Amino acid sequence: MKIIKPFYTIETPIDGNYVLKLIEKAGRTCYKSENSINDDSAIRFVKSLIERGHLSVIEHYSVSVRIICDRGVSHELVRHRPASYTQESTRYCNYTKGKFDGELTFIEPCFWQNKESEEYKIWESAMNRCENDYKRLIELGASPQEARSILPNSLKTEILVTMNLREWRHFFTLRTAKASHPQMREICIPLLNDFKGKIPIVFDDIVVED
């Protein structure tokens, strides 16, 4: 049994300056003001779009992110639209095989940091039982799609998520909020900060409360 923390990789190469210029060029189509484009105009123009809520223009750029999280978090991720998803399949992945090192991988729950606590030990014991029972089912001839019936929400999954910038804004607004699940926030807060660092203006007004 392997226990890991969640993480993500931004798959789309991002040049923030290019993104802003693309959005500006798209937005100025509305006003036929392309003649106003200069080296410094994109930041002011995109900031104005955001402030006025003219967000359809930022849909012209999409970003793909590979997220490694638990199954419970992935069930919430895939509710967002418009978006595209490609996810690791428990129907076809046989976790007793060598490419998985013959073991199941689980995501460590961020709310039970003390590994000596009774809560963590109960969780860890349950994951051990799941792994042993999964392996036994496979030994008895069950297919992966049958054996997966006993797999828990804590099972690690890998999911590629693609959204345009408008939907990423909506996603971050909901999933970094205090009311969001702590394991969702564990991923989304650093991801939002990464987006802010790579793409100026577009996400600056999304403020995360402690």
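Residues numbered from 1 in each chain as written. Predicted model: local features only at pLDDT ≥ 70, side-chain atom pairs only at ≥ 80, totals over all residues. Heavy atoms only, no water.

1. Some thoughts on the nonpolar core
Note the cut-off: Each nonpolar core is a collection of buried residues, namely Ala, Val, Leu, Ile, Met, Phe, Trp, Tyr and Cys, held together in the definition by side-chain atoms within 4.5 Å. Burial classes: relative accessible area under 20% of the type maximum marks a residue as buried, over 50% as exposed, and values in between as partly exposed (1.4 Å probe, protein chains only). Secondary structure elements are taken from DSSP: a helix is a run of H or I of four residues or more, a strand is a run of E of two residues or more, and numbering for both begins at the N terminus. The contact rule is simple, with two residues in contact once any of their heavy atoms fall within 4.5 Å.
Ranked by internal contacts, the top residues of the largest apolar core, which has 39 residues, are I23, L165, W168, F172, F195, V202 and F203. Every element with two or more residues in this core is listed here: α1 (16–28), α2 (41–52), β3 (62–70), α3 (71–77), β6 (156–164), α6 (165–175) and α7 (182–198). Looking at this core, the element that brings in the most residues is α7, giving 6 residues. Setting aside chain neighbours within four positions, we find F195 in contact with I10, V63, V65, W168, F172 and F203. Membership of the second largest hydrophobic core comes to 15 residues, among which are Y95, F106, Y120 and A147.

2. Notes on the packing of aromatic side chains
Filter applied, for reference: A pair of Phe, Tyr and Trp rings is counted when the ring centres sit within 6.5 Å of each other, with Trp represented by its six-membered ring. The angle between the planes then sorts it: under 30 degrees is stacked, over 60 is edge-to-face, the rest tilted.
In this structure the tally under the stated criterion is 12 aromatic pairs. Where F111 meets W112, the ring centres are 5.0 Å apart and the plane angle is 85 degrees; that geometry is what we call edge-to-face. Residue class for W112 comes out partly exposed when judged on its relative accessible area of 30%. Between F172 and F195, the ring centres sit 5.2 Å apart and the planes meet at 75 degrees, which makes this aromatic pair edge-to-face. Residue F172 is located in helix α6, and its partner F195 is located in helix α7; the two are separated by 23 residues in the primary sequence. Across the pair, F195 and F172 agree in class, each one buried.

3. Some remarks on the pairing of β6
Which entries qualify depends on this criterion: At least two DSSP bridges between two strands are needed for those strands to be called paired.
Alignment of β3 against β6, held across 9 bridges, turns out to be antiparallel. Each residue of the ladder has a partner; that of I67, found in β6, is I159.

4. Things to note about helix α4 (residues 118–139)
As a reminder, the rule being used: Helix span is expected to be 1.5 Å times the residue number reduced by one.
Along its 22 residues, α4 runs 32 Å from first to last C-alpha, staying within 8% of the 32 Å computed at 1.5 Å per residue. Looking at the buried side of α4, the elements it contacts are β1 (2–4), β5 (105–107) and α5 (144–147). Two residues or fewer past α4, G141 is found with a positive phi of approximately 105 degrees.

5. Overview of the side chain of D70
The cut-off we apply is this: Counted as positive: Lys and Arg. Counted as negative: Asp and Glu. His and the chain ends are not counted at all. Think of a salt bridge as a Lys or Arg side-chain nitrogen and an Asp or Glu carboxyl oxygen that are within 4 Å of each other. Pairs of N or O atoms are called polar contacts if they sit within 3.5 Å, as long as, within protein, a hydrogen donor faces a hydrogen acceptor (for residues adjacent in sequence, only side-chain-to-side-chain pairs).
By the secondary structure assignment, D70 is in strand β3. One buried charge, D70, has no salt-bridge partner; the nearest side chain with opposite charge is R71, at 8.5 Å. Side-chain polar atoms of D70 contact the side chain of Q183, separated by 3.4 Å. D70 has contacts with I107, N153, S154, L155, T157 and Q183, leaving out every residue within four places of it along the chain.

6. Regarding the environment of K198
Of note, K198 is situated in helix α7. Taking the C-alpha atoms as reference points, K198 and I14, separated by 184 residues in sequence, lie 6.7 Å from one another. When neighbours within four sequence positions are excluded, K198 is seen to be in contact with I10, I14 and G16.

7. A look at the pattern of salt bridges
Once their charged atoms are close, side chains differing in charge can pair, the charge on each being opposite to the other. Taken as a whole and assessed by the stated rule, the structure comprises 15 salt bridges. R28 is the salt-bridge partner of E24, the closest N and O atoms lying 2.9 Å from each other. You can see E24 and its partner R28 sitting in helix α1, 4 residues apart, about one turn around the helix. The pair formed by E24 and R28 is uniform in burial state, with each residue classed as buried. A salt bridge links K156 to E158; its shortest N-O distance comes to 3.9 Å.

8. Brief notes about a nonpolar patch on the surface
Here is the rule we go by: Patch definition: residues above 30% relative accessible area lacking any salt bridge, with like charges linked at up to 9 Å and the nonpolar side chains Val, Leu, Ile, Met, Phe, Trp and Tyr linked at up to 5 Å. Residue burial considers only the protein chains on display, and all accessible areas are found by Shrake-Rupley using a 1.4 Å probe.
A cluster of nonpolar side chains, namely L137, L140 and I150, defines an oily patch on the protein surface of about 240 Å² accessible area. Within the element layout of this structure, I150 appears in the loop between α5 and β6.

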